[in-house]
There are 2 protein chains.
Amino acid sequence: MKVSREKWEKNFSEWFDWVLREAEIYDYGRYPVKGMGIWMPYGFKIRQNVIQLIRKLLDETGHEEVLFPILIPEDLLKKETEHIKGFENEVFWVTKGGSEDLDIKLALRPTSETAITYMESFWIKSYKQLPKKYYQIVSVFRYETKATRPMIRLREVSTFKEAHTIHETYEDAARQVEEAVSIYKKFFDELGIPYVISQRPDWDKFAGAEYTIAFDTIMPDSRVLQIGTVHHLGQHFTKAFDFKIQKKDGSLDYPHQTSYGISDRVIAVLIAINGDDHGPVLHPSIAPIKVVVIPIPGKDEDITNKVFNYAKEIGEILNAQGITTVVDDNKEITPGEKYYIWELKGVPLRIEIGPRELNENVVLIKRRDTFEGKTVPKDKVVEEVKNLLEIMKADLKARASQLLRDRIKRAEDLEEAKKLLEAKAGIVEVPWCGDNSCGLKLEEITNARVLGIPLDEKVDVSNMKCVVCKRQAKYMLRLAKTY
Amino acid sequence: MKVSREKWEKNFSEWFDWVLREAEIYDYGRYPVKGMGIWMPYGFKIRQNVIQLIRKLLDETGHEEVLFPILIPEDLLKKETEHIKGFENEVFWVTKGGSEDLDIKLALRPTSETAITYMESFWIKSYKQLPKKYYQIVSVFRYETKATRPMIRLREVSTFKEAHTIHETYEDAARQVEEAVSIYKKFFDELGIPYVISQRPDWDKFAGAEYTIAFDTIMPDSRVLQIGTVHHLGQHFTKAFDFKIQKKDGSLDYPHQTSYGISDRVIAVLIAINGDDHGPVLHPSIAPIKVVVIPIPGKDEDITNKVFNYAKEIGEILNAQGITTVVDDNKEITPGEKYYIWELKGVPLRIEIGPRELNENVVLIKRRDTFEGKTVPKDKVVEEVKNLLEIMKADLKARASQLLRDRIKRAEDLEEAKKLLEAKAGIVEVPWCGDNSCGLKLEEITNARVLGIPLDEKVDVSNMKCVVCKRQAKYMLRLAKTY
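Here's what I pulled together on the structure shown here. (Residues numbered from 1 in each chain as written. Chains lettered and ligands numbered in written order. Predicted model: local features only at pLDDT ≥ 70, side-chain atom pairs only at ≥ 80, totals over all residues.)

## Regarding the overall build of chain A
A tally of regular secondary structure across chain A gives 15 helices and 25 strands. Here chain A has a C-alpha radius of gyration of 26 Å; the compact-globule value for 483 residues is 23 Å, and the two agree. The principal-axis extents of the C-alpha atoms in chain A amount to approximately 85 × 60 × 50 Å. Counting every position in chain A, which comprises 483 residues, the buried fraction comes to 48%. Within chain A, contacts between residues at least 6 apart in sequence are counted, and of these 68% link residues at least 24 apart. (Helix = DSSP H or I, 4+ residues; strand = E, 2+ residues; numbered from the N terminus. Rg over C-alpha atoms; globule rule 2.2 N^0.38 Å. Buried ≥ 20, exposed ≤ 12 C-beta atoms within 10 Å, placed from the backbone. Contact = placed C-beta atoms within 7 Å.)

Here it is, written out as structure tokens:
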């Protein structure tokens, strides 16, 4: 069977909305507040599996989970001047309790640097307590004026993992930025999500940061999606809160901080990148159901019952091994209808069992990504399922990585860069002198966005000229049409 | 060692605030929004363990976890008239996005019946899809005008587990109420939390319910705390949303619903009920750390190092068996200081290891609840720790249950009831004719609250008279000073 990817590639946006609703992952567009959706049971389980993985990676590197209030008073949020400038037009404000006006407006947190720094100033007095690495997984809110999109641009981002760390020195915080980058690499690698890592340009760093490092991926429509950011906050927030600690040398000084976050977008990518016209192919690491068993009725009731019992047995064998398996024993719909549903839900493996399989004591296993089938003896089913899930992980990752690499282009002059971007080429790298003015001009001319300087590849630019000013280039700069 | 419970019993409120902050469970009173606190890492882990247990009990009874938006538009919240009457003075309202006024006010959800019913009307068309049992674990908000208290009366209730179910008939929903009661019984039993179950009087049922069943417990200060409620919602919400389904007989009708919830209060009770002047005794089911190992230095460095290595080895043995154990190998503080900290954190078992234990190849295990010590050979440590944790569970539960039973009194006349309540007796049961007017008078006269009719005991009231009107009694009625 040839895998068709027409709808997935050409009408990605419609495909994505269709999958989220039809596969009962995320109900979007019907809830009567713009930019807010509902995680339905199946989607919630995908989300839980993703959360479980990031929790594991954070816990094993000494991060501690906490939970802060959703509301931040206006004066607290406004303490750090650059920070509030970056957010003030995007904040939802609570102004009333019952019929009373509140004394002070309360923000629905857009992010928690201010709340956390304020509380750290009570908790942390000395370098001996450092480093401290906190994180929380919460909803954050943005009063987006741009068009909203399910999981990708929301007014309630309901799966925001924000980490906040605090250190004695600038260098310690810089090392923490590196640790965060390496944690996110492991996270995306495990999920088979390809990415590029760039240092965001000065004009696009986080509001209140020294510098920002970002993970970006490319969606099926060739637009780039930011999927993770890591910020060195320096002393911006600790100074704003006049929060000093005792240092090793006995002096008092403002500690240094970092913060880093990922969101629902990771889940959007997991649904989007491995897809075809039948729906998504869920990565085995996060698929809530790894295998669906579909019994195919025989020519009489007796055979049919035997087939259904055999299917049930296979389900029990797999579940007993911790491989979450569903046996779809609904007798009111046809196997074909079942294929449709479970393909739409992206279950990695399907086991078909009919009279022939029953007779021969075998099962037919089909991969959701390639639709390749393989007949294996019953006593090999566990081994083969485990094996195929591992192969699928590797294949999905390789395929997605290849797609990403194919969409990174180089251009040494402006016209070419513009043309590539207009042709939806993906990410375009151009030589750059390093001046902000040239970078901003680039964005204007190409009507694209600067992602920043590549941190995951070394390019020799000694023979290259800045595409804008023609002076000696210092860096490659990544540009893309973004979400 | 005699266990002192002076502070715990006589100054419970101070004791509780002290424990939450000093044991780094929940930071309350410093965050600059009234009624909102921070779950710190240690408290967060206790919370996670409680959440894990309720998830398990709900998942295994066919409940599906979902996640709805935090914001509910005013018109949606106001659909059910009684419901909004019950909540309208307690709702936080978002009225602004950035500097713009919103078209319609958005409520921070006080509870989610309206949002969920609205979405169910899209999802559910036929009796064939029923029953459906959804739940979510989220923050809910109440603009409380009463005095707030950490975990007990909050403006942001950050651990609200709300279940919402939907059924074809009234009777199906009534059976679901019974299932919910049995789930909560299992939950509280596993946690060793004693309770009484009462049907709330008409004037105190949930806003929009047919009837409400509540779980109450008694805190160390003898005041009663509601820790769980189960509501039969009938067709109140489905009618308000004009939401009909196809029934088995082919007709269209409004489905019936239930909802039931528990909150942070469960965690408050877990910290409160098993306590003494050293702090709480965490129930082994939810203690993030089951065992702390404390090495006691010897007369020289060599012995001390050997003791510390032995302590480390014991920690490894226990952790390898899945018994979360911390070895406190800090050399800058004394064993006495360590005892203070870990008692305050309520760790169920402490293992003391000194030169004598090293020599004899034994360990000394002390229970946090009784401070009883037991010396056991090293090769029996796992077995003995497991054994002691089970014994502690049983003992804590028995002790807490006894405390509850000792605080349930009967009174056959009004004066006696009043006296008992003023003397902080706990729960007082009185015979009642069943008329609301007599019930309300009772509350007024005794300055206490009616908990409702006991559902967990049968009392023959045929020879009793209502304490207010002196007519024949129909029920016993529970009264208490409540939180």
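Next, the rest of the story.
## Looking at the sheet that holds strand β4 (residues 71-73) of chain B
Two pairing modes exist for strands in a sheet, parallel and antiparallel, and in both the strands are linked by backbone hydrogen bonds. The six strands lie next to each other as β4(A)-β6(A)-β5(A)-β5(B)-β6(B)-β4(B), forming an open sheet whose pairing is antiparallel. Both edges of this open sheet fall to β4 (71-73) of chain A together with β4 of chain B, since each of them pairs with a single strand only. Strand-to-strand twist of the sheet, defined as the mean angle between neighbouring strand axes without regard to direction, takes the value 45 degrees. Here strand β5 (residues 92-97) of chain B runs beside strand β6 (residues 100-108) of chain B; their pairing, made up of four bridges, is antiparallel. Across the sheet, K96 of chain B pairs through a bridge with D101 of chain B, a residue of β6 of chain B. (Pairing = 2+ DSSP bridges. Axes fitted to C-alpha atoms, helices over the stretch in contact; angles between N-to-C directions.)

## Digging into the sheet that holds strand β17 (residues 291-295) of chain A
Residue and element names in this part refer to chain A. Read from one edge of the open sheet, five strands run β18-β17-β19-β20-β21, paired in mixed fashion. With partners counted over all chains shown, the strands left at the sheet margins are β18 (325-327) and β21 (373-377), one partner each. Between one strand and the next, the sheet's axes are offset by a mean angle of 25 degrees, whatever the strand orientation. With four bridges joining them, strand β19 (residues 349-353) and strand β20 (residues 362-367) adopt antiparallel strand pairing. Of the residues in β20, the one forming a bridge with R350 is K366. Sheet strands in contact with helix α13 (residues 381-406) are β17, β19, β20 and β21, and its direction is about 10 degrees off that of β20.

## Brief notes about the interface of chain B and chain A
Contacts between chain B and chain A engage 41 residues on the former and 41 residues on the latter. Elements with a contribution of two residues or more to the side of chain B that touches chain A: β2 (38-39), α3 (41-59), β3 (64-65), β4, β5, β6, α6 (113-123) and β8 (156-167) of chain B. Sorting elements by how many residues they give to the side of chain B that touches chain A places β5 of chain B first, with six residues. Grouping the amino acids of the side of chain B that touches chain A by side-chain chemistry returns 26 nonpolar, seven polar and eight charged. Relative to β5 of chain B, strand β5 (residues 92-97) of chain A runs antiparallel, the two sharing five bridges. Among the inter-strand pairings, G97 of chain A is bridged to a residue of β5 of chain B, identified as F92 of chain B. (Nonpolar A, V, L, I, M, F, W, Y, C, P; charged D, E, K, R; others polar.)

## Focus on the relation of the copies chain B and chain A
You can overlay chain B on chain A at an RMSD of 0.0 Å; the transform is a turn of 180 degrees with a shift of 0.0 Å along its axis. Each copy turns onto its partner about a two-fold axis. It is V94 of chain B whose C-alpha, among those of chain B, lies nearest the rotation axis, at 2.0 Å. Of all interface residues in chain B, 100% are interface residues in chain A too; the two copies therefore contact each other through one and the same surface. (Least-squares fit on C-alpha atoms with pLDDT ≥ 70 in both.)

## With respect to the pairing of strand β10 (residues 211-218) of chain A
Residue and element names in this part refer to chain A. β10 sits mainly inside the fold: seven of its eight residues count as buried. Here strand β9 (residues 196-199) runs beside β10; their pairing, made up of four bridges, is antiparallel. Considered in β10, the bridge of S198 is made with A214. Relative to strand β11 (residues 224-234), β10 runs antiparallel, the two sharing eight bridges. The residue of β11 that forms the bridge with A214 is T229. Hairpin connection between β10 and β11: a loop of five residues separates the two successive antiparallel strands, and S222 in this loop has a positive phi of roughly 75 degrees.

## Structural notes on the packing of α3 of chain B against helix α7 (residues 170-190) of chain B
The packing of two helices is summarised by the inter-axis angle and the distance between the axes. All names here are of chain B. Interhelical geometry of α3 versus α7 gives an angle of 150 degrees and a closest axis separation of 10 Å. One finds that α3 runs roughly antiparallel with respect to α7. As for how α3 packs across α7, the hand of that crossing is right-handed. In contact with L53, I54, L57 and L58 of α3, α7 contributes I183, K186, F187 and E190. Among the residues making up the contact of α3 with α7, the classes are represented as six nonpolar, no polar and two charged. (Parallel < 35°, antiparallel > 145°, perpendicular 65-115°, else oblique. Left-handed = near helix turned anticlockwise from the far one by under 90°.)

## Some details on the pairing of β21 of chain A
One ladder, built from five bridges, connects β20 of chain A with β21 of chain A; its direction is antiparallel. Within β21 of chain A, the position partnered with L364 of chain A by the bridge is T375 of chain A.

## Regarding unusual backbone geometry
In this structure, the amide linkage connecting L130 of chain A to the following residue, P131 of chain A, adopts the cis form with an omega of 0 degrees. Within the secondary structure, P131 of chain A sits in the loop between α6 (113-123) and β7 (132-141). Its identity is not glycine, yet N361 of chain A carries a phi of approximately 60 degrees, on the positive side. The residue N361 of chain A is located in the loop between α12 (355-360) and β20 in this model. We note that D242 of chain B has phi near 45 degrees; this positive angle belongs to a residue other than glycine. Along the polypeptide, D242 of chain B turns up in the loop between α8 (236-240) and β12 (245-246). For D242 of chain B, a count of 9 C-beta atoms within 10 Å translates into the label exposed.

## Section: helix α15 (residues 436-446) of chain B
Residues and elements named next belong to chain B. Among the residues making up α15, those that are buried are G439, L442 and T446. With its buried residues spanning 55 degrees around the axis, α15 presents them on a single face. For α15, exposure combined with an orientation more than 90 degrees from the buried face picks out N436, S437 and E444. Buried positions along α15 lie against α14 (414-422), β23 (427-432), β24 (449-454) and β25 (475-480). (Arc of directions from axis to C-beta.)

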